[in-house]
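Here are the chains, one letter per residue:
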Amino acid sequence: MGVYVNYEAGNHRDWGWTDPSYLHDIVLTPLALRMGRWAIAGTIVHEIAHLNGAPGGNDHAAEVPRR
Ligand SMILES: [Zn+2]
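1. Side note on the overall build of the chain
- Check the secondary structure of the chain and you find two helices and three strands.
- For the chain, the sequential pattern of α-helices and β-strands runs β-β-β-α-α.
- A compact globule built from 67 residues would reach a C-alpha radius of gyration of about 11 Å, and the chain, at 12 Å, matches this within 12%.
- If you line up the chain on its principal axes, its C-alpha atoms span 30 × 25 × 20 Å.
- Expressed as a percentage of the 67 residues in the chain, the buried residues total 25%.
- The contacts in the chain between residues at least 6 apart in sequence include a share of 19% that link residues at least 24 apart.
- Accessible area for the chain stands at about 5100 Å²; split by element, carbon and sulfur atoms hold 56% of it.
- Charge-centre separation for the chain: the mean point of 5 positive side chains lies 14 Å from the mean point of 7 negative side chains.

2. Comments concerning the coordination of the zinc ion
- Within the protein, His46 (NE2) and His50 (NE2) serve as the donor atoms for the zinc ion, at 2.0 Å. With His46 and His50 both in helix α2 (residues 37-51), this residue pair falls four residues apart, about one helical turn.

3. Topic: the pattern of salt bridges
- Per the counting criterion, the structure on display carries one salt bridge.
- In this structure, Arg13 and Asp14 form a salt bridge, with 3.5 Å as the shortest nitrogen-oxygen distance.
- A relative accessible area of 27% means that Asp14 is categorised as partly exposed.

4. Side note on the side chain of His50
- According to the relative accessible area criterion, His50 is buried, its value standing at 19%.
- For His50, the contacting residues outside a window of four places in its chain are Thr18, Pro55, Gly56 and Ala62.

Analysis parameters
- Residues numbered from 1 in each chain as written.
- Predicted model: local features only at pLDDT ≥ 70, side-chain atom pairs only at ≥ 80, totals over all residues.
- Heavy atoms only, no water.
- Helix = DSSP H or I, 4+ residues; strand = E, 2+ residues; numbered from the N terminus.
- Rg over C-alpha atoms; globule rule 2.2 N^0.38 Å.
- Buried < 20%, exposed > 50% of the residue type's maximum accessible area, 1.4 Å probe, protein only.
- Contact = heavy atoms within 4.5 Å.
- Areas by Shrake-Rupley, 256 points an atom, 1.4 Å probe, with all protein chains shown as cover.
- Lys, Arg positive; Asp, Glu negative; His and termini not counted.
- Charge placed at Lys NZ, Arg CZ, Asp CG, Glu CD.
- Donors = N, O, S within 2.8 Å, 3.2 Å for Na, K, Ca; no water.
- Salt bridge = Lys/Arg side-chain N within 4 Å of Asp/Glu carboxyl O.

From the geometry alone we can't say anything about function, so treat these as descriptive.
Here it is in structure tokens:
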């Protein structure tokens, strides 16, 4: 399965998102890109978790677990 990483230049509120109706698309925004490579990598990993079924909203399943 391939994943498309898209860029939304007009969103300055979120770091990124996925749309459940487009199962291969991840969107990144200027907020994530301005924070540097680790924020970009973290956002992509987070959104891949959503593509693999982690719920959104107040559920934290897509977040990195604390040690
Ligand atoms: Zn999320």
